[in-house]
Amino acid sequence: MHTNYAYGMRHSRYLSTNCFRSKRRSRSSKSSSITTNSVKVKDPDILTWNKVISSHMRNGRCDSALRVFNSMPRRSSVSYNAMISGYLRNAKFSLARDLFDKMPERDLVSWNVMLTGYVRNRRLGEAHRLFDLMPEKDVCSWNAMLSGYAQNGFVDEAREIFSRMPHRNSISWNGLLAAYVQNGRLEEARQLFESQSDWELISWNCLMGGYVKRNMLGDARLIFDQMPIRDAISWNTMISGYAQVGDLSQAKRLFHESPVRDVFTWTAMVSGYVQNGMVGEARKYFDEMPVKNEISYNAMLAGYVQDKKMDIARELFEAMPCRNISSWNTMITGYCHNGGITQARKLFDVMPQRDCVSWAAIIAGYAQNEHFEEALNMFVEMKRDGENSNRSTFSCALSTCADIAALELGKQVHGQVVKAGFETGCFVGNALLGMYFKCGSTDEANNVFEGIEEKDVVSWNTMIAGYARHGFGGQALILFESMKKAGVKPDEITMVGVLSACSHSGLIDRGTEYFYSMNRDYNVTPSSKHYTCMIDLLGRAGRLEEAENLMRKMPFEPGAASWGALLGASRIHGNTELGEKAAEMVFKMEPHNSGMYVLLSNLYAASGRWVDVGKMRSRMKKVGVQKVTGYSWVEVQNKIHTFAVGDCFHPEKDRIYAFLEELDLKMRRDGYVSSTKLVLHDVEEEEKEHMLKYHSEKLAVAFGILTIPSGRPIRVMKNLRVCQDCHNAIKHISKIVGRLIILRDSNRFHHFNEGVCSCGDYW
């Protein structure tokens, strides 16, 4: 099928060149009769001079071509045309136009050369202006303009040119048909097709391929059955179409009916079975293939990789007689997705050639396997190696910066994005939004959002969810209203963000209203995620009975996330009975979820039930659940500093601990009291206070204050939820030192400033 599309595209491009070449051949045959200052002169060497000019231009040696041109004793219009065409081929438009304007005489071929050059280089505005200036036009001139508009998606403009053409040939008709097909306007393509009967085989294949590309197999089959003649492309297009939509019985039937089976026919069947997860069947066809090429091997290789059979994939890879860069990239991606980052790196290091896909695969692999520093190192290494970043590599680098909250590094990547011209596009723009939000910089996220030229639903969803996670529920809801006014339809992810915004900000009435109207207003059926948001919203507000009743009314069984939300709310409001019930349900579904054990232990500890705290520890040990170690980190001068509770390994630990002691005295004078009831150990109060004093987030905040220049925010990240005591302490610290402290935990952001947190203590 891909061959068919390529064939159609080649035919479309042919519009702007075919007629011109015939004209040029006509002129070349008369090249011995030259016009110089309106005098015809016989010069048998003129053809040789022109060939030398064309040769230099084909190899990008424009200066050499110019020297030959300047040294010519006489020049013809063909000489000028060769120079102009060469300049255009090498993107030297001003030189081409300057020489065109200086020509002593311009014929129709000269005008068409200049016009075609503009069209090929997508300079349609200049092409249109030149077209309007042409003293005469032939069918090649009209076809060049039609081709330019068609290939660049300006279908209506192409249709207008077609309508104005005084004469049309088969290239004109096929060009407009291809424009309709390639831009998905199949109804208009069908009407055009039915308006005449004298269509070439390429046109039948083009229309059929358009239907196949959009999975309209019924319409495609009608075209196929009506075709007066068929070639290999016709059969391969239909076989590929059926295979791709999973109708392998039809694909198989056509495969056996096909009078000619080439390597593409066989590969279509292999790819079809691979895409539908039937790797064994794919291998049978693969083994029977009389001839295999790189595409065949890569299709089979991709099947084993998708099936996570990396050992068999490696055997096939080693046996391949014709590996290309795609083969290497498939293996690297496969190892990365299956946890084999070491094997992926070994392959990457011995690749004979790399492209941007190779770099994107290894960078994403490191990031997916949580080797964030290595991912960023590879991004830097890619730049040193001279490989230009594409959208994927930029997105991977930005996502990695977001995961470790490396804001300064993220800003550097942002600078490269701007230089590469990707900032205004959705794909990279959305990655920038995520990076800035996850690094705690909402203002810069908003600036990026404003700069995205065509915002998609992901852009809006990222902004709404970002503001929600930062506790700015009001701004999230304002954006939601703007999204609707912009004509972007909310989806289920949008509504999760909206309900989360209400939950994090305590907007109970607004959240309830959105929840019960989302199906009616936006055709979004509430899923378990939406119900969990509502349970969290009601539970945080202390309306535990309503939250439990909502769970009972859910149209499906509550999952671990819903019970976990109820357990969290029970801990906040000290409802031990409901908390125990919710925890037991979570333990049945996710027996190794350490966070739920800790939540219930916190609930017991706050109630002074130390025996039950001990039982929780014993139960965790018996089940084999390990409590996740909490750690916090802060970025200082492009370096990440990580701290654990009571950290004694950091090189500046003495300075940090001394500063914390000073802060502790000032905090107590400011009214701070340790929340010792949260300590999960039955020890003396003094010992509990000592244990709380050196939590990882406090160490990171202290180090940030000591090292980050005054006036700049301190951004601290934690892998778990911030504890109540640290939350209270950091409020006091922000007031004492006069600094904005932004803390990201596993659940949300907290912006501490002048003794107040953005969450309003509602978390």
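Given the structure is predicted, the values throughout are model-derived calculations rather than measurements.

Quick word on the packing of aromatic side chains
Counted by the stated rule, this structure contains 29 aromatic pairs. Three or more aromatic residues joined by ring pairs make a cluster, and in this case those are Phe 162, Trp 173, Phe 193, Trp 199 and Trp 204. Directly above the aromatic system of Phe 162 lies the positively charged group of Arg 168, at a separation of 4.2 Å from the ring centroid. Sitting over the ring of Phe 224, Arg 230 keeps its end group 4.1 Å from the ring centre.

Some remarks on the pairing of strand β3 (residues 631-636)
Counted residue by residue, β3 has 5 buried out of 6 residues, so it is predominantly covered. Where β3 and strand β4 (residues 639-644) come together, 6 bridges link them in antiparallel fashion. Bridge pairing links Val 634 to His 641 in β4. Counting the residues that bridge the hairpin from β3 to β4 gives 2 residues, and of these Gln 637 lies at a positive phi of roughly 50°. Where β3 and strand β5 (residues 714-718) come together, 3 bridges link them in antiparallel fashion. Paired with Trp 633 across the strands is Met 717, a residue of β5.

Side note on the sheet that holds β4
With respect to topology, 6 strands assemble into an open sheet ordered β4-β3-β5-β6-β7-β8, the strand pairing being mixed. A strand with exactly one partner marks an edge of an open sheet, and here the two such strands are β4 and β8 (756-757). The sheet contact formed by strand β7 (residues 749-753) and β8 spans 2 bridges and is antiparallel. Bridge pairing in β8 places Phe 752 opposite Cys 757. Running over the sheet, helix α42 (residues 724-737) touches β6 (741-744), β7 and β8 and is turned about 35° from β7.

Focus: unusual backbone geometry
Positive phi values are uncommon outside glycine, yet Asn 215 reaches one of about 60°. One can find Asn 215 in the loop between α13 (201-213) and α14 (217-226). Positioned with a positive phi, Ala 405 is a non-glycine residue whose angle comes to about 55°. In this fold, Ala 405 is placed in the loop between α25 (391-403) and α26 (407-420).

Describing the domain arrangement of the chain
Assigned domains within the chain: domain 1 (470-521), domain 2 (527-628) and domain 3 (632-757). For domain 1 versus domain 3, the separation of C-alpha centres amounts to 33 Å. Of the residues lining the interface, 4 residues belong to domain 1; the matching set on domain 3 comes to 4 residues. Between domain 1 and domain 3 the total buried area reaches about 420 Å² when both faces are included, carbon and sulfur atoms providing 52% of it. Three residues, His 470, Phe 472 and His 504, lead the burial of domain 1 against domain 3; their summed loss comes to 94% of the area buried on that side. If you look at where domain 1 meets domain 3, you find 2 residue pairs in polar contact (both at pLDDT 80 or more). Within the side of domain 1 that touches domain 3, the residues separate by chemical class into 1 nonpolar, 3 polar and no charged.

Structural notes on the pattern of salt bridges
On inspection of all chains with the given rule, the structure shows 32 salt bridges. When the shortest N-O distance is used, the salt bridge between Asp 156 and Arg 185 registers 2.7 Å. On the criterion of sequence distance, the pair formed by Asp 156 in helix α10 (residues 155-164) and Arg 185 in the loop between α11 (170-182) and α12 (186-194) is long-range, its members being 29 residues apart. Classification of Arg 185 as partly exposed rests on a relative accessible area of 25%.

Quick notes on the nonpolar core
Nonpolar side chains in soluble globular proteins tend to end up buried together. Ranked by size, the top nonpolar core spans 203 residues in total, and within it Ile 84, Met 238, Val 270, Ile 332, Ile 362 and Met 435 carry the most contacts. Composition of this core by domain shows at least three residues from each of domain 1 (470-521) and domain 2 (527-628). Setting aside chain neighbours within four positions, we find Ile 362 in contact with Ile 332, Cys 336, Ile 341, Ala 344, Arg 345, Phe 348 and Met 378. Within the second largest apolar cluster, 30 residues are counted, among which are Phe 659, Val 722, Cys 723 and Phe 752.

What counts as what
- Residues numbered from 1 in each chain as written.
- Predicted model: local features only at pLDDT ≥ 70, side-chain atom pairs only at ≥ 80, totals over all residues.
- Heavy atoms only, no water.
- Phe/Tyr/Trp six-rings, centres within 6.5 Å; stacked < 30°, edge-to-face > 60°.
- Lys NZ or Arg CZ within 6 Å of the ring centre and 35° of its normal.
- Buried < 20%, exposed > 50% of the residue type's maximum accessible area, 1.4 Å probe, protein only.
- Helix = DSSP H or I, 4+ residues; strand = E, 2+ residues; numbered from the N terminus.
- Pairing = 2+ DSSP bridges.
- Contact = heavy atoms within 4.5 Å.
- Axes fitted to C-alpha atoms, helices over the stretch in contact; angles between N-to-C directions.
- Domains from an automatic or database assignment.
- Buried area = accessible area lost by both parts, 1.4 Å probe.
- Polar contact = N/O pair within 3.5 Å; in protein donor to acceptor, adjacent residues only side chain to side chain.
- Nonpolar A, V, L, I, M, F, W, Y, C, P; charged D, E, K, R; others polar.
- Salt bridge = Lys/Arg side-chain N within 4 Å of Asp/Glu carboxyl O.
- Core = buried A, V, L, I, M, F, W, Y, C linked by side-chain atoms within 4.5 Å.

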